[in-house]
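# Inside the fold
For reference, the chains in residue letters:
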Amino acid sequence: MFKNTSNAERLKSVHSETLTDIELLGLASSFNLADGHAYQDLEGCYSSIPTELPQMWSEAACSAIPKMTAHFKNTFAGLIESPTLYDFRDFKVCPTASNSIDIIGAFLRAKSLRTTLIEPTFDNLALLLRRRGVDLYALNDERFQQAAESDALDTLPELGTCRALFLVNPNNPTGHVLDAKSFSNVVEFCARRGMTLLMDNSFRLFNRQPFDDYSILQEAGVSFVCFEDTGKAFPTQDMKASLLFYSEDNQALIEEIYNEIYLCVSNFSLNILSRFMDATSRTGLAPALWQIVDERRIMLRNVISGSALRVAANAKKSPLGVEWLDCGSIGSDLSLCRDLRGRGLVILPGRYFFWNSSLANRHHQNVRISLLKDRKTFVTSLAILREFCAASDPVLAKSD
Ligand SMILES: Cc1ncc(COP(=O)(O)O)c(C=O)c1O
């Protein structure tokens, strides 16, 4: 791959590849377990939704946009059982979670807030923030979790000089989740220090022990900007929306930036997404979402069982619709991804989740596999993986 290239060119090439570049390869391939977007089959409580589209169109056409937007927000509040959000007025809706990140980037830059972001996490957070000129520092996910659990955040030097803390909860790819106590510790720490807390809650619906985090934020009076995402849970073919919530002190600046870019999100999309959320509330998250995640996780773990591929030690309890694997004993993440791609299956190499330290060898031993794809694609992809595991330990034993 790097034949005839200098070291500098090689490093440039390594750095210029992003997770999204590989996800694009996945979209063009027959067997794609790369992106973490929800593409499971439309079944169970969702199966009748396509037949209701004409009615949803009419409802959307008749509804005023602020009314539909409030309905969407309140339906979300019902789904996550957050009474706090019913009365919440400081919010906007973005087309995608990345748009919310970008607005936060512009906000952090405008306020010159030196920011600490969790690592590993999906690389587009760091890419978007840096593109906006945010002064960004990394904080290891596991060290942070331990400090949050034991209320020892004061001991983390990474938090000593920053004025904003950006978390992903649950975190992608590891599935680390802050419980209510740890979350309160973080919020109180930020409030005490006058730090702004940024939260990417894109994977919230996978959390098996949810609590009303917005009530904790509000009671602490901390400065915050948080966003949500429908795109990781509901199989809506990438029709999605991202609620952006902020404390009163951030309202003017966030809305100024939002208004420069967006007017609103389509009423039709919001109506459909509300219908998905309603169906989920009525059925329950366990049968609607968690059950398929568990089934897929068991299928994948059965396929790799006995092979040199393992579930990463820090992700064994992950509730996410993606699995974080350790391939360290058989080769690098890139060589494994390349070999699987040769067989038609695209998955993500782990190193790019380490957005600040992707060149470190210890970060070359993970891959991420998505679970929420249609059954046929998932089953055939697992067959490719099974064949590969059976055939290839010697093949894998090479590195980059
Ligand atoms: C944690 C996290 N936040 C935000 C995003 C961006 O989502 P989208 O591509 O829908 O904008 C991703 C993408 O996978 C993600 O993993």
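Residues numbered from 1 in each chain as written. Predicted model: local features only at pLDDT ≥ 70, side-chain atom pairs only at ≥ 80, totals over all residues. Heavy atoms only, no water.

### Section: the site of the ligand
Lining the immediate environment of the ligand, one finds 14 residues, of which Ser 98, Asn 172, Asp 200, Lys 232 and Lys 240 sit closest. A distance of 3.5 Å separates an oxygen atom of the ligand from a polar side-chain atom of Thr 96. At 2.6 Å, a side-chain N or O of Asp 200 approaches a nitrogen atom of the ligand. For the ligand, whose unbound accessible area comes to 400 Å², protein coverage reaches 94%. Sort the elements by how many residues they give to the shell around the ligand and helix 6 (residues 97–110) lands first, with three residues. Residue composition of the shell around the ligand, grouped by class: five nonpolar, six polar and three charged. (Near = heavy atom within 4 Å. Polar contact = N/O pair within 3.5 Å; in protein donor to acceptor, adjacent residues only side chain to side chain. Areas by Shrake-Rupley, 256 points an atom, 1.4 Å probe, with all protein chains shown as cover. Helix = DSSP H or I, 4+ residues; strand = E, 2+ residues; numbered from the N terminus. Nonpolar A, V, L, I, M, F, W, Y, C, P; charged D, E, K, R; others polar.)

### Some thoughts on the environment of Ser 332
Tracing the backbone through its elements, the reader meets Ser 332 in the loop between strand 10 (322–326) and helix 14 (333–342). Under the relative-accessibility criterion, Ser 332 is labelled buried at 8%. Residues Ser 332 and Arg 351, spaced 19 residues apart in sequence, show a C-alpha to C-alpha distance of 9.4 Å. (Buried < 20%, exposed > 50% of the residue type's maximum accessible area, 1.4 Å probe, protein only.)

### So, the environment of Thr 84
Mapping Thr 84 onto the fold places it in helix 5 (residues 83–86). Taking the relative accessible area as the measure of exposure, Thr 84 reaches 14% and is therefore buried. Sequence-wise, Thr 84 and Leu 273 are 189 residues apart; in three dimensions their C-alpha atoms are separated by 21 Å. Apart from residues no more than four positions distant in its own chain, Thr 84 is found in contact with Asp 212, Tyr 214, Ser 215 and Gln 218. Among the polar contacts listed, one links the side chain of Thr 84 to the side chain of Asp 212, at a separation of 2.6 Å. (Contact = heavy atoms within 4.5 Å.)

### Considerations on the sheet that holds strand 9 (residues 310–311)
Strands sit in the order 9-10-13-12 across an open sheet of four strands; the sheet is antiparallel. Both edges of this open sheet fall to strand 9 and strand 12 (348–349), since each of them pairs with a single strand only. Across the face of the sheet, helix 13 (residues 285–304) comes into contact with strand 9, strand 10 and strand 13 (366–370) while running at roughly 20° to strand 10. (Pairing = 2+ DSSP bridges. Axes fitted to C-alpha atoms, helices over the stretch in contact; angles between N-to-C directions.)

### Some thoughts on unusual backbone geometry
Here Glu 119 and Pro 120 are connected by a cis peptide whose omega angle stands at 0°. When you line up the elements, Pro 120 lands in the loop between strand 3 (115–119) and helix 7 (123–131). In this chain, Asn 172 is followed by Pro 173 through a cis amide linkage whose omega measures 25°. Phi is positive for Ser 112, which is not a glycine, with a value near 50°. Within the fold, Ser 112 resides in the loop between helix 6 and strand 3.

### Observations concerning the side chain of Thr 236
Along the polypeptide, Thr 236 turns up in the loop between strand 7 (223–227) and strand 8 (242–246). Not counting residues within four places of it along the chain, the set of residues in contact with Thr 236 comprises Ala 38, Leu 273 and Phe 276.

### Describing helix 4 (residues 65–79)
Taking 1.5 Å per residue, 15 residues should reach 21 Å; helix 4 reaches 21 Å between its end C-alpha atoms and fits that length. In this structure, the buried side of helix 4 is in contact with helix 3 (53–62), helix 5, strand 2 (91–94), strand 8, helix 12 (267–283) and helix 13. Backbone geometry just after helix 4 places Glu 81 at a positive phi near 50°. (Expected span 1.5 Å × (residues − 1).)

### Here's the deal with the packing of aromatic side chains
Applying the stated criterion across every chain yields a total of 17 aromatic pairs. A centroid spacing of 5.4 Å and a plane angle of 50° characterise the contact between Tyr 258 and Tyr 262, whose relative ring orientation is tilted. Tyr 258 gets classed as buried once you look at its relative accessible area, which sits at 2%. With a relative accessible area of 18%, Tyr 262 lands in the buried category. For the ring pair Trp 324 and Phe 354, a centre distance of 6.4 Å and an interplane angle of 40° mean the geometry is tilted. (Phe/Tyr/Trp six-rings, centres within 6.5 Å; stacked < 30°, edge-to-face > 60°.)

### What to know about the confidence of the model for the protein chain
Per-residue confidence for the protein chain gives a mean pLDDT of 94, with 94% of residues at or over 70. Here residues 395–400 is a poorly scored stretch, pLDDT under 50, and it has 18 contacts once near neighbours within four places are set aside; other chains count. (pLDDT = per-residue confidence, 0-100.)

### Brief notes about the packing of helix 8 (residues 141–149) against helix 9 (residues 180–193)
Taken N-terminus to C-terminus, the directions of helix 8 and helix 9 make an angle of 90°; their axes are 8 Å apart at the nearest point. The angle between the axes of helix 8 and helix 9 places the two elements in the roughly perpendicular class. For the pair helix 8 and helix 9, contact is made by Phe 144, Ala 148 and Glu 149 and by Ser 182, Asn 185 and Val 186, respectively. Taken together, the residues of the contact of helix 8 with helix 9 break down into three nonpolar, two polar and one charged. (Parallel < 35°, antiparallel > 145°, perpendicular 65-115°, else oblique.)

### Focus on the side chain of Thr 196
If you trace the backbone, Thr 196 turns up in strand 6 (residues 196–200). Separated by 3.5 Å, the side chains of Thr 196 and Ser 223 make a polar contact. If near-sequence neighbours (up to four positions away) are discounted, Thr 196 is found in contact with Phe 107, Leu 113, Arg 163, Ala 164, Leu 165, Ser 223, Phe 224 and Asn 250.

### Structural notes on the pairing of strand 6
A regular strand places its side chains so that they alternate between the two faces of the sheet. When you tally the buried positions in strand 6, you get five out of five residues, the bulk of the element. Burial of the side chains of strand 6 extends over both faces: Thr 196, Leu 198 and Asp 200 are buried on one face and Leu 197 and Met 199 on the other. Sheet topology note: the strand 5 (residues 164–168)/strand 6 ladder contains five bridges and is parallel. Bridge pairing links Ala 164 to Thr 196 in strand 6. Where the polypeptide runs from strand 5 across helix 9 and back to strand 6, its parallel neighbour, the crossover connection is right-handed. (Right-handed = clockwise from strand over helix to strand, strands pointing away.)

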